[in-house]
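Listed below are the residues making up each chain.
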Amino acid sequence: MSLFARPQGLIGLVAGFLVWSSAFLVLYGVHALGCAWGWEARALGPTSALRLALVVVWALHVVVLAWLALATRRALPAARRVPEPTPALLARATLVLTLAALVATLWTGLPVVAYPLCA
Amino acid sequence: MTDPIVAARRARAIRLHRALAEVWDTPPGLPRLAAVNHTIVGRRFMLTALVFFVAAGILAMLVRTQLALPGNDVLGPEAYAQVVTTHGTVMMFLFAIPFIEGMALYLLPKLLGARDLAFPRLSAFGYWCYLFGGTTVLGSIVFGAAPDGGWFMYTPLTTKPYSPGIGADVWLLGITFVEVSAIAAAVEIVVTILKVRAPGMSLGRMPLMAWYLLVTAFMILGGFPPLILGSILLEVERAFGWPFFDPERGGDPLLWQHLFWLFGHPEVYIIFIPAAGVISTVLPVFARRPIVGYSWVVAAVVAVGFLSFGLWVHHMFATGLPRLSLAFFSAASLLVTVPQAVQIFAWLATLAKGRPVLTLPMLYILGFFFVFVAGGLTGVMVAVVPFDEQVHDTHFVVAHLHYVLIGGFVLPAIAGLYYWLPQASGRLPVFGVGKTAFWLIFAGFNLTFLVMHWTGLLGMPRRVFTYAPGLGWDVPNLVSSIGSFVLTAGFALVALDIFLQLRHGRSFRRDPWNAGTLEWAMPTPPAPYNFASLPHVSHRDPLHADPALPQCLAAGEGYLGRVREGRLETLCVSMVEAEPEQILVLPNRDYTPLWTALALAVFFGAMLAGLYWLAPAGLVLTLVFAWRWAASDAAPADPPPEDAGRGVRLPLHVASARPPAWWGLVFLLLADAILFASLAFGTVFLAAFAAAWPAASPPLLSETAGIVAAVSVAVAGVAAPTAALANRRGGPLRTVARDGLLALSAAASLAALAALAWIATGLAPAAHAHDAVVGALLAYGALHVLIGLVASLFALAQLLRGYASSVRRLPVEVASLWQLYTGATGLVALALAFLAPEALR
Ligand code: HEM
Ligand SMILES: [Cu+2]
């Protein structure tokens, strides 16, 4: 049976944006705490510890989302084979939402690459 | 000559109607206080909300009269502050949200093909909370004791030293009381949409309105808890001096702003999304074709729901946060426009591909389109950081706000009102007053608020009671004031129009708009049971797929076309595919919701009156009524499965593995978890950023007590779920183990309460915010442990008295879930209380 015919399939609908929310909150929190703790002044390789931490957080979320999007894409054919229309519809909406969350996460986190950090 | 088959069918329909009407009816008079039927409660919510709208509208007229001329003296500065604050508060909390809730409660069962909501008594309870809390807030202005700190209640202005009067307490307690009803309605809406639909109405066949309301309800569950927490903390600071927001003693006023806007920005979308749902429902009907891009619209609404939470800080652009933080929020502000655009495209495409007719509801929707485009532009302007700093706290912001709220909510709401009024009243309009009213509203609205953008750009600040002549503000203010009276005349005309329609409208058979959804498949005005039998849905527009559906349903040819043992019944289905799952037996006429709300009113009233010794009694009384409420649902024996019609046999909900009440608890705990997360956020925020930390004398917390508390909550949190597991498996030995484990969980809860009290002896909560946040964490834990204790005892009592079993397992499952949640949050709370303040500096 397709995942999208079961109640668990509904979680797929929100999973992408839950990851986006996590990215948003963790970036915001790490940034605020990092500034308070003076991580900006600590150099690490070509950049500061704070910027590195932010970029890592950002990249992790992007990777998780990319994986989610791929998994959804793979589940699509099975959902299409169900004779009822709903699983296919949910699968499609899930894919759209996961891709949207991926783009949203890329876009929201973009400033961590170049913006001044604690000013 | 009538066909004998048709005549027989009609006779059957009339017999069935009589039988159903008898059990579902709520007679007028005193029994109305016990009413729980969703049609009655939904109508009540909407009517009460409209009364609040009129009141807040009158306050707005006072404001506009005051501002019409420079140096005017209709209102003094103190009265002005009260009037503006009350206007904003009433409009947002007592008009917009409750109106939406009422609309949802009234419409959902009818849209979904059900006879009532999942928990009729819960929404009745919510209504009383709303009425009691709301009248307190509005009533205070009559006595000149209204809140005056702005609808956003910024600290420190609203703390005791700066607002010594009772006004701020009225706001905090009254609005929190009202929010109880918002949470209740949200749980109701979510469970009803997911579980109480007609069989065959899989999620992909659900009317779009239900998707919009589902997202709205989840947003309420996510957005209101931070506000509720903030209000509780601020009230505790005002009442007992715990300094959460006092910078001198380790608090931080910014904490309030965070908590408020975590709620406040989503709030705007909570208001806007259902209004968009009205458009997505009404527009396709009058475009004479199904909406284009159903699944895209669903995805867009879910996306807006999430993205709108990413914007809270945009109201704090002027508070000196680092630029990178602001960049995150600017990014999110722009993102949220994308799904909005998707919706607009779906609407435009539907119009383009259909054959639109310009009816009165459509006229309001066109008005919405105009305002939306203009308002969206100004919104993007506000989202850009440098611009915001310029117009921050001027009338530009006031104008933008009303553009969004009146354009985005009030206009579509009137469209919905005109669209569904015939459904509720059984009458169609006869006079053409509606069109005149629309043009008055449209002209008055733009005259008032389009011009007000300009007043703002000229630099006129908001929330000032008057201004000097010669600043160039005179003319635009006068125009705005004239416009607002035109606007009011328009609203008055709508009221007249509706009154005329109710009194003198012409009646019709069915479905005057040729709509396809199920609320038009019943006689109008609707009977209290909605459908004489429930349809099997196999199409998104069931009425278009089968125009004879209403007659079939009326004759009892669907599910549950019978009355058995005087019971009120509807069906529960599986979440996604809507396969019939349970027969849901509903209550009728019950005073318990009213009594429970009154008990809660004792608590809020005592807090407001400063009778702090009485307040706990109110809480205990509420728990007593909650116990009675839960007990009244129980069956004395395991009921067998029953015939549900159309050849389906189903268990009753009390004998089901997952009755709606279990899901209700899941979603309630979701809101609770968000409240807890907000509290954790507050703790971390103060510990890491507040100025006066660390405390001169940090609290001395007994580590032994901490360990006892942690072990106790963990034991309770494991014992109760294990008991539930043993209960599900059944068997004599497991029955003994189950009772023993439940008793153990209750004993562990008691031990935890004692240990928490012991820890609290080391606190001086009024001395420093460190003590205060630890106190708040402990209080959160203690309240949950107390309820867990009651839940475990309740389950045990029901089992021993034979009112619960391995089949009728809800009481045990509730105790299990609650104790599990309490164990998990309790451990986190203890860890935060003992470790966070030191670890974060
Ligand atoms: C009926 C037409 C209305 C008029 C003429 C009107 C007028 C006004 C004016 C002039 C102010 C600002 C006064 C100041 O800042 O000095 C104001 C504030 C406000 N209005 Fe309205 N309003 C109307 C309807 C609404 C509606 C429908 C809502 C919400 C659903 C609403 C929500 C608010 C809020 C939240 C504030 C801010 C209150 C504060 O600053 O504490 N208004 N209104
Ligand atoms: Cu906002």
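Reading the values: rules and limits
- Residues numbered from 1 in each chain as written.
- Chains lettered and ligands numbered in written order.
- Predicted model: local features only at pLDDT ≥ 70, side-chain atom pairs only at ≥ 80, totals over all residues.
- Heavy atoms only, no water.
- Helix = DSSP H or I, 4+ residues; strand = E, 2+ residues; numbered from the N terminus.
- Rg over C-alpha atoms; globule rule 2.2 N^0.38 Å.
- Buried < 20%, exposed > 50% of the residue type's maximum accessible area, 1.4 Å probe, protein only.
- Core = buried A, V, L, I, M, F, W, Y, C linked by side-chain atoms within 4.5 Å.
- Domains from an automatic or database assignment.
- Contact = heavy atoms within 4.5 Å.
- Buried area = accessible area lost by both parts, 1.4 Å probe.
- Salt bridge = Lys/Arg side-chain N within 4 Å of Asp/Glu carboxyl O.
- Polar contact = N/O pair within 3.5 Å; in protein donor to acceptor, adjacent residues only side chain to side chain.
- Nonpolar A, V, L, I, M, F, W, Y, C, P; charged D, E, K, R; others polar.
- Near = heavy atom within 4 Å.
- Donors = N, O, S within 2.8 Å, 3.2 Å for Na, K, Ca; no water.
- Tetrahedral: all angles 85-135°; square planar, octahedral: opposite > 155°, others 65-115°.
- Expected span 1.5 Å × (residues − 1).
- Pairing = 2+ DSSP bridges.

**Points about the overall build of chain B**
Point 1. Looking only at helices and strands, one finds 24 helices and six strands in chain B.
Point 2. For 841 residues, the compact-globule estimate of 2.2 N^0.38 gives 28 Å, and chain B sits close to it at 28 Å.
Point 3. Projected onto its principal axes, the C-alpha coordinates of chain B cover approximately 90 × 80 × 45 Å.
Point 4. Residues classed as buried in chain B amount to 62% of the 841 residues present.

**Examining the nonpolar core**
Residues and elements named next belong to chain B.
Point 1. Counting 287 residues, the largest nonpolar core has Trp211, Trp347, Tyr364 and Phe409 as the members making the most contacts within it.
Point 2. Among the elements that make up this core, the one with the highest residue count is helix H7 (residues 253-287) (21 residues).
Point 3. Looking at which domains feed residues into this core, each of domain 1 (43-507) and domain 2 (694-841) supplies at least three.
Point 4. In contact with Trp347, other than residues within four places in its own chain, are Tyr212, Ala276, Ile279, Ser280, Leu283, Ile291, Phe368 and Phe369.
Point 5. Leu67, Val84, Ile141 and Met460 belong to the second-largest nonpolar core, a separate cluster that totals twelve residues.

**Here we look at the interface of chain B and chain A**
Point 1. Across the boundary between the two partners, chain B contributes 39 residues, which contact 42 residues of chain A.
Point 2. For the chain B and chain A pair, buried surface summed over both sides reaches about 3400 Å², with 79% attributable to carbon and sulfur atoms.
Point 3. Sorting the residues of chain B by area buried against chain A places Phe306, Leu324 and Phe328 of chain B first, and these three jointly supply 21% of that buried surface.
Point 4. Here chain B is connected to chain A by one salt bridge.
Point 5. The shortest N-O distance in the salt bridge between Arg205 of chain B and Glu84 of chain A comes to 3.5 Å.
Point 6. Applying the counting rule to chain B against chain A returns four residue pairs in polar contact (both at pLDDT 80 or more).
Point 7. Sorting the residues of the side of chain B that touches chain A by element identifies helix H8 (294-307), helix H9 (323-335) and helix H20 (660-689) of chain B as the ones contributing at least two each.
Point 8. At ten residues, H9 of chain B tops the list of elements feeding residues into the side of chain B that touches chain A.
Point 9. Tallied by class, the residues present in the side of chain B that touches chain A amount to 28 nonpolar, six polar and five charged.

**Topic: the domain arrangement of chain B**
All names here are of chain B.
Point 1. Under the domain assignment used here, chain B contains domain 1 (43-507) and domain 2 (694-841).
Point 2. Once you take the C-alpha centre of each, domain 1 and domain 2 turn out to be 39 Å apart.
Point 3. Facing the nine residues of domain 1 at the interface are nine residues of domain 2.
Point 4. Summed over both sides, the interface between domain 1 and domain 2 buries roughly 630 Å², with carbon and sulfur atoms accounting for 73% of that surface.
Point 5. The largest per-residue losses of area from domain 1 upon contact with domain 2 belong to Trp242, Phe244 and Arg249, which jointly make up 65% of the total buried on that side.
Point 6. At the junction of domain 1 and domain 2, the tally comes to zero salt bridges.
Point 7. At the junction of domain 1 with domain 2, the criterion picks out two residue pairs in polar contact (both at pLDDT 80 or more).

**Things to note about the site of ligand 1**
Residues and elements named next belong to chain B.
Point 1. Around ligand 1, 23 residues are found, and the nearest of them are Tyr80, His87, Trp151, His402 and Arg463.
Point 2. His87 is positioned such that a nitrogen or oxygen atom in its side chain is 2.8 Å from a nitrogen atom of ligand 1.
Point 3. Arg462 places a polar side-chain atom, nitrogen or oxygen, 3.1 Å from an oxygen atom of ligand 1.
Point 4. Examining the composition of the shell around ligand 1, we find that seven residues originate from one element, helix H3 (residues 77-112), more than from any other.
Point 5. The residue makeup of the shell around ligand 1, split by class, is 14 nonpolar, six polar and three charged.

**What to know about the coordination of the iron atom of ligand 1**
All names here are of chain B.
Point 1. Distances from the iron atom of ligand 1 to its protein donors, His87 (NE2) and His402 (NE2), fall within 1.9 to 2.0 Å.
Point 2. Taken together, the six donor atoms surrounding the iron atom of ligand 1 define angles of 89 to 179° at the centre, an arrangement classified as octahedral. With His87 in helix H3 and His402 in helix H13 (residues 395-425), this pair connects stretches of sequence that are 315 residues apart. Of the two residues, His87 and His402, neither departs from the other in class, the shared state being buried.

**Comments concerning helix H3 (residues 86-109) of chain A**
Point 1. In this model H3 of chain A runs 34 Å from its N-terminal to its C-terminal C-alpha over 24 residues, within 8% of the 34 Å that 1.5 Å per residue would give.
Point 2. In terms of burial, H3 of chain A is largely enclosed, as 17 of its 24 residues are buried.

**Some words on the pairing of strand E3 (residues 568-573) of chain B**
Point 1. Counting buried positions over the six residues of E3 of chain B gives six, a clear majority of the element.
Point 2. Adjacent in sequence and paired antiparallel, E3 of chain B and strand E4 (residues 580-586) of chain B are bridged by six residues, among which Ala578 of chain B carries a positive phi angle near 60°.

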